Amino acid sequence: FPYTTLFRSIDTIPAARDVAWPGVITLSVDASDVTRGIFRINETIPVTAGSLTLLYPKWLPGTHSDTGPISQLAGLAFNVGGHSLAWRRDPVDVFAFHIEVPEGTSNLVAQFQFLSPTDGNQGRIVATPEMLNLQWNAVALYPAGYYARRIGVEAAVKLPAGWKAASALEVAAQEGATTHFKQVSFDTLVDSPLFAGANLRTEILAPGVRLNIFADQPEQLAASEVQIQTHRDLVTQAVKLFGAQHYDHYDFLLALSDRQGGIGLEHHRCSENGVPGDYFTEWTNSPAHRQLLP
């Protein structure tokens, strides 16, 4: 009996196919509440009538187990034309949600929150009053039954007033505090996190390669020309070593912070990097931190 129940539950999640999802998902993230670290999400998904299974990302770039932060997903609700729609969580895979889409429906709206940690004992802190690290996998659902590379997404993020952002994603438009990005596939979106903050310095390390430095305090951005040249040399030597650049452009995302959690995570066209706030100001005394970007 337990095995029959298990297999029946697994079968309710469609297997991924190499076909295009019909339509483009619109994902809007309000990340302006950095005091409480609450990201508010509004996601519009083009649909047709019938059974639909939506997934919260489970396996993520650079991780070694199914560690998608499902425990920090909150307030999930679906509606069609402003009317609430019932949903059911899969009894085996807690990352899956089942919905019956009524006839005549062209768009389903999902609304929820991502409750980011506010203390280190809750997980890595990704939002502080000075900066944030937005990983799109934490704030998006996607339809089961399709390869992630065949699902189109147009994403946008609202930041605190005056903040600037950096990402491997290309900007389509800027409306006040909201940045709209060009359409990408869902797997590219997840592989293109965003850093943002009140204090940003950007340096060109090579054609198409940027170093985006965010800091708790403006004075922590005071890198010397010699220090910046060291990072330029890193790119030069990497190209000499590998003989090619397997990207059209690349963004080092570097956070100098004693409040945001540290990180070192590689992506195709960027990397997420977190070091202490004195990375430049205590350059001579902390050579170990300079191992991260290489």
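This report concerns the structure included in the present document. (Residues numbered from 1 in each chain as written. Predicted model: local features only at pLDDT ≥ 70, side-chain atom pairs only at ≥ 80, totals over all residues. Heavy atoms only, no water.)

**What to know about the overall build of the protein chain**
Inference 1: Scanning the protein chain from terminus to terminus reveals 3 helices and 21 strands.
Inference 2: Against the compact-globule benchmark of 19 Å for 294 residues, the protein chain has a radius of gyration of 21 Å, which places it among compact chains.
Inference 3: For the protein chain, the spread of C-alpha atoms along the principal axes amounts to about 65 × 40 × 40 Å.
Inference 4: Here the contacts in the protein chain between residues at least 6 apart in sequence split such that 68% fall between residues at least 24 apart.
Inference 5: In the structure as shown, the protein chain presents an accessible area of about 14200 Å², 53% of it carried by carbon and sulfur atoms.
Inference 6: Of the charged side chains in the protein chain, 20 are positive and 29 negative; the average position of the first set lies 2 Å away from that of the second. (Helix = DSSP H or I, 4+ residues; strand = E, 2+ residues; numbered from the N terminus. Rg over C-alpha atoms; globule rule 2.2 N^0.38 Å. Contact = heavy atoms within 4.5 Å. Areas by Shrake-Rupley, 256 points an atom, 1.4 Å probe, with all protein chains shown as cover. Lys, Arg positive; Asp, Glu negative; His and termini not counted. Charge placed at Lys NZ, Arg CZ, Asp CG, Glu CD.)

**A word on the pattern of salt bridges**
Inference 1: Tallied over the entire structure, the rule returns 11 salt bridges.
Inference 2: Between E170 and K182 there is a salt bridge; the shortest N-O distance is 3.5 Å. A residue pair is termed long-range when its members are at least 10 positions apart, and E170 in the loop between β12 (164-167) and β13 (171-175) and K182 in the loop between β14 (178-181) and β15 (184-185) qualify at 12 residues.
Inference 3: Here E170 falls in the partly exposed class, since its relative accessible area comes to 36%.
Inference 4: The partner of D251 in a salt bridge is R210, with the nearest N and O atoms 2.8 Å apart. A residue pair is termed long-range when its members are at least 10 positions apart, and D251 in strand β19 (residues 250-256) and R210 in strand β18 (residues 209-215) qualify at 41 residues. (Salt bridge = Lys/Arg side-chain N within 4 Å of Asp/Glu carboxyl O. Buried < 20%, exposed > 50% of the residue type's maximum accessible area, 1.4 Å probe, protein only.)

**Details of helix α3 (residues 225-242)**
Inference 1: In this model, α3 (18 residues) spans 26 Å end to end at C-alpha, consistent with the 26 Å of a helix rising 1.5 Å per residue.
Inference 2: Where α3 is concerned, the buried positions are Q227, I228, H231, R232 and V235. Mapping the buried residues of α3 onto a view down its axis gives an arc of 155 degrees, with all of them on the same face. Away from its buried face by more than 90 degrees, α3 exposes E225, V226, K240 and L241.
Inference 3: Considering only its buried residues, α3 is in contact with β17 (200-206), β18 and β19. (Expected span 1.5 Å × (residues − 1). Arc of directions from axis to C-beta.)

**Observations regarding the environment of P193**
Inference 1: Structurally, P193 is set in the loop between α2 (186-190) and β16 (194-197).
Inference 2: The class of P193 is buried, set by a relative accessible area of 1%.
Inference 3: Not counting residues within four places of it along the chain, the set of residues in contact with P193 comprises N133, L134, Q135, W136, A166, S167, A168, L253, H267, C270 and E272.

**Comments concerning the pairing of β17**
Inference 1: For β17 and β18, the ladder comprises 6 bridges, and the chain directions are antiparallel. Bridge assignment links L200 to a residue of β18, and that residue is F214.
Inference 2: Where β17 folds back onto β18 in an antiparallel hairpin, the turn is made up of 2 residues, including G208, whose phi is positive at roughly 80 degrees. (Pairing = 2+ DSSP bridges.)

**So, the sheet that holds β12**
Inference 1: The sheet built from 3 strands is open, its strands ordered β9-β16-β12 with antiparallel pairing. At either end of the open sheet lies a strand with only one pairing partner, and these are β9 (131-134) and β12. Sheet twist, expressed as the average angle between the axes of neighbouring strands with direction ignored, equals 15 degrees.
Inference 2: Pairing of β9 with β16, which is carried by 4 bridges, proceeds in the antiparallel orientation. Across the sheet, residue L132 finds its bridge partner in β16, namely A196. (Axes fitted to C-alpha atoms, helices over the stretch in contact; angles between N-to-C directions.)

**Some details on the nonpolar core**
Inference 1: The biggest cluster of nonpolar side chains holds 55 residues, and the ones touching the most others in it are V29, F39, L132 and W136.
Inference 2: Ignoring anything within four residues of it in the chain, the contact list for V29 reads F39, R40, I41, L134, W136, V139, A156, V157 and K158.
Inference 3: V209, L221, V235 and F280 belong to the second largest nonpolar core, which has 19 residues in total. (Core = buried A, V, L, I, M, F, W, Y, C linked by side-chain atoms within 4.5 Å.)

**Description of the packing of aromatic side chains**
Inference 1: Under the defined criterion, the tally for this structure stands at 13 aromatic pairs.
Inference 2: For the ring pair W21 and Y146, a centre distance of 4.9 Å and an interplane angle of 90 degrees mean the geometry is edge-to-face. Of this pair, W21 sits in the loop between α1 (2-10) and β1 (24-33) while Y146 sits in the loop between β10 (142-143) and β11 (152-158), and the two are 125 residues apart along the sequence. An identical accessibility class is assigned to W21 and Y146; each is buried. (Phe/Tyr/Trp six-rings, centres within 6.5 Å; stacked < 30°, edge-to-face > 60°.)

**Observations concerning the sheet that holds strand β21 (residues 270-275)**
Inference 1: Spatial ordering of the open sheet is given by β17-β18-β19-β21-β20, a layout of 5 strands whose pairing is mixed. In the strand order of this sheet, the two ends are held by β17 and β20 (264-266), each with one partner. Pairs of neighbouring strands in the sheet enclose a mean axial angle of 15 degrees, with direction left out of account.
Inference 2: Examined bridge by bridge, β20 and β21 share 3 bridges and lie antiparallel to one another. Within β21, the position partnered with L265 by the bridge is E272.
Inference 3: Most of the contacts of α3 go to β17, to which it runs at about 45 degrees, and overall it touches β17, β18 and β19.

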